[in-house]
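# Results of the structural survey
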Amino acid sequence: MRTTVGIIGAGPAGLLLARLLHNAGIDSVVLESRDRAYVEQRQRAGILEQGTVDVLRAAGAGARMDREGLRHDGVELRFDRRRHRVDFPALTGGRSVMVYAQTEVCKDLIALHAEDGAPLLFEAEALAVEGATTDRPRVRFRHQGTEDVLECDYVVGCDGSWGVARKAVPDSLGRGFERVYPYSWLGILADVAPSHDELVYARHDRGFALLSMRSPSVSRLYLQVPAGTDAGAWSDEEIWDELDRRLETDDGWTLRRGPITQKSVTPMRSAVHEPMRHGRLFLAGDAAHIVPPTGAKGLNLAVGDVVTLARALTHRRDTGSGALLDAYSATCLRRVWQAERFSYDMTTMLHRDPGATPFEDRLQVARLDRISQSRAAATDLAEGYTGFPLDA
Ligand code: RFL
Ligand code: PHB
């Protein structure tokens, strides 16, 4: 098999890259180790930044998102039994975000692919990337029990945080940065109308809680739990009771309960791999960087990477110049580190560190209080949440 761009992974990064290249007339092949149902049902992100919404529309993948997605003009911060709303359009000159699940973004992109017949192989596991520094890089993969080789002009690793692409970068040429947090998120999906019309981020002495949603009839909620927690250790009633405690306010707000249909635990980690390029191998999305989900940045960063890469590959084809490909890693990393900083700030402002002192507890509340009192502080949060521009 031979193609111009070999893409490993059919998460949001790989699927959108394939679509952008297809629209630019550049051929690609996507290899995905899992089956289609798995990729379409894996519960993850829920928030699309304004820039991501614009990119999906421009790529021709925005029709259902525009019908079914929920535009959100703010989030609520809860602390000390009080609430404070951060108004995004008022603070950012009109920007907002969209609640539209990653599962739906993936379904839409896969359906477009199926229509066009662009090669997207499920249950095709990449085993290794070879010859990254030659002009004919290859991906060795296994599909339906047989090993095969995909010969490419370029290979893009969109294979997530545990993928194989990054392993093709020699340790001596790359550098990893990592921070592991001593807590995780217990996430649930529940068949009940969301108890609030916007997302609620709550800081509590017992730990963080987040109220989110998937649709007008499905709620998505998260609880901070100690790292290593088993989702099965929490009964449904214990989860609702704990959410009640952490979300409680003095003004009589109540949390609606309903049947829990899914439960899972997500560890919290920050990580960056530099550089995001090795010869003709490029890394994009979670393959290159991880953020804790408190800032809702992961999927949006993946989108930024592949937009930058698709532009650079198109520029190369049109002008013969590799200048944008050469700039790819530095261009992406500048935005990545802003998202890392924002996600770290949100995480450490809202979670209860098991080793926190009473002094640090008060500082957390003071940081939140500052946002509720200062337009400048609230603007900083609103700009970060609605997204850093692609060409910053
Ligand atoms: P993905 O989605 O992990 O996709 C990688 C794909 O590569 C495949 N793969 C391979 N295929 C072939 N051969 C191999 N050897 C392979 N190894 C792996 C995998 O099967 C998979 O299909 O990475 P991608 O595309 O970079 O997308 C990144 C996003 O998925 C991720 O950043 C977000 O989900 C993070 N995230 C959030 N991001 C947001 O922007 N907003 C949010 O609100 C948000 N909430 C979240 C989140 C992530 C969460 N979890 C579970 C980590 C909430 C949670 C709870
Ligand atoms: C979600 O709806 O899954 C979600 C929303 C906001 C976050 C993280 C996850 O910060």
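Before reading on, note that the structure itself is shown above.
How each quantity is defined
- Here the residue numbering is sequential within each chain, running from 1 through the sequence in written order.
- Written order decides the labels, with chains lettered from A and ligands numbered from 1.
- Owing to the predicted nature of the model, reporting of local features is limited to residues with pLDDT of at least 70; listing and counting of side-chain atom pairs is limited to 80 or more, with chain, interface and lining totals taken over all residues.
- Side-chain metrics in this entry use all non-hydrogen atoms of the structure; hydrogen atoms and water are not considered.
- Every helix listed is a DSSP run of H or I at least four residues long, and every strand listed is a run of E at least two residues long, numbered separately from the N terminus.
- For a compact globule the rule gives 2.2 Å times the number of residues to the power 0.38, and the radius of gyration it is set against comes from C-alpha atoms.
- Think of it in three bands: with a 1.4 Å probe and only protein chains considered, a residue is buried below 20% of the maximum accessible area for its type, exposed above 50%, and partly exposed in between.
- Any two residues whose heavy atoms approach within 4.5 Å are treated as being in contact.
- Put simply, two rings from Phe, Tyr or Trp (the six-membered ring, in Trp's case) pair if the centres are within 6.5 Å, and we call them stacked under 30 degrees between planes, edge-to-face over 60, tilted for the rest.
- Here a residue counts as near a molecule or strand whenever at least one of its heavy atoms sits within 4 Å of it.
- Here a polar contact is recorded for every N or O atom pair within 3.5 Å, except that within protein the pair must consist of a potential hydrogen donor and a potential acceptor, and residues adjacent in sequence are included only if both atoms are side-chain atoms.
- Each residue is assigned to one class: nonpolar for Ala, Val, Leu, Ile, Met, Phe, Trp, Tyr, Cys and Pro, charged for Asp, Glu, Lys and Arg, and polar for all the others, Gly among them.
- Using a 1.4 Å probe, the Shrake-Rupley method yields the accessible areas, and only the shown protein chains count as cover for residues.
- The source of the domain bounds is an automatic or database domain assignment.
- Residue types Ala, Val, Leu, Ile, Met, Phe, Trp, Tyr and Cys, when buried and joined through side-chain atoms within 4.5 Å, form a set referred to as a nonpolar core.
- Here a salt bridge means any side-chain nitrogen of Lys or Arg lying within 4 Å of a carboxyl oxygen belonging to Asp or Glu.
- Strand pairing is assigned whenever DSSP identifies at least 2 bridges connecting the two strands.
- For helices, the axis comes from a line fit to the C-alpha atoms of the stretch in contact; other axes are also lines fit to C-alpha atoms, and the angle between any two N-to-C directions lies between 0 and 180 degrees.

### Some details on the overall build of the protein
Helix and strand content of the protein: 11 helices and 20 strands. In terms of overall dimensions, the protein is globule-like: its C-alpha atoms have a radius of gyration of 21 Å, near the 21 Å expected for 392 residues. The principal-axis extent of the C-alpha atoms belonging to the protein is close to 65 × 40 × 40 Å. Put simply, the protein has 392 residues, and 55% of those count as buried. Intrachain contacts of the protein at a sequence separation of at least 6 include 71% that bridge at least 24 residues.

### Quick notes on the packing of aromatic side chains
Applying the stated criterion to the full structure yields 11 aromatic pairs. Their ring planes at 85° and their centres at 5.6 Å tell us that F177 and W337 sit as a pair that is edge-to-face. With F177 in strand β13 (residues 175-190) and W337 in helix α9 (residues 323-350), the pair connects residues that are 160 residues apart, well separated along the chain. You can call F177 partly exposed: its relative accessible area is 26%.

### Focus on the site of ligand 1
Around ligand 1, a shell composed of 34 residues is seen, among which E32, R42, Q102, D286 and L299 lie nearest. Note that an oxygen atom of ligand 1 is positioned 2.9 Å from one of the backbone N or O atoms of A13. Contact distances for ligand 1 include 2.9 Å between a nitrogen atom and a backbone N or O atom of A126. Every element with two or more residues in the shell around ligand 1 is listed here: α1 (12-23), β9 (124-130) and α8 (298-319). Among the residues forming the shell around ligand 1, the class breakdown is 15 nonpolar, 11 polar and eight charged.

### Thoughts on the site of ligand 2
The environment of ligand 2 is formed by 14 residues, the closest being Y201, S212, R214, Y222 and P293. Y222 has a polar side-chain atom sitting 2.6 Å from an oxygen atom of ligand 2. Here an oxygen atom of ligand 2 sits 3.5 Å away from a polar atom, N or O, in the main chain of T294. Isolated, ligand 2 exposes 280 Å² of accessible area, and the fraction of that covered by the protein chains is 96%. Contributing elements (two or more residues each) for the shell around ligand 2: β14 (199-202), β15 (209-215) and β16 (218-226). Partitioned by chemical class, the residues of the shell around ligand 2 number eight nonpolar, three polar and three charged. Viewed by domain, the shell around ligand 2 spans two of them, domain 1 (5-72 + 98-177 + 269-351) and domain 2 (181-267), each represented by three or more residues.

### Some thoughts on the nonpolar core
Counting 72 residues, the largest nonpolar core has L16, L17 and L48 as its most contacted members. Ranked by the residues each element gives to this core, the list is headed by α8, at 10 residues. Apart from the residues lying within four places of it in its own chain, the contact partners of L48 are V53, L56, M65, V97, M98, Y100, V105, L299 and N300. The next biggest cluster of nonpolar side chains, apart from the first, holds 53 residues, and it includes L91, V97, L223 and I239.

### Quick look at the pattern of salt bridges
Once the charged atoms of two side chains with opposite charge are near each other, the side chains can pair. Summed over all chains, the structure comprises 37 salt bridges. Between D318 and R317 there is a salt bridge, with its nearest N and O atoms 2.8 Å apart. The exposure class of R317 is partly exposed, given its relative accessible area of 44%. When salt bridges that share partners are traced, they join R64, E68, E104, K107 and D108 into one network.

### Focus on the sheet that holds strand β12 (residues 154-157)
Here six strands make up an open sheet; going across it, the order is β8-β2-β1-β12-β19-β18 and the pairing mixed. Whereas interior strands pair on both sides, the edge strands pair on one side only; in this sheet they are β8 (120-121) and β18 (277-278). Packing against the sheet, α1 makes contact with β1 (5-8), β2 (28-31), β8 and β12, and its axis sits at approximately 160° to β1.

### A few points about unusual backbone geometry
Note that the residue after E274, namely P275, is joined by a cis bond; omega there is -10°. Here P275 is to be found in the loop between β17 (260-274) and β18. One non-glycine residue with positive phi stands out, namely R81, at about 65°. With respect to the element layout, R81 can be found in the loop between β5 (74-79) and β6 (82-87). Using a relative accessible area of 40% as the deciding quantity, one classes R81 as partly exposed.

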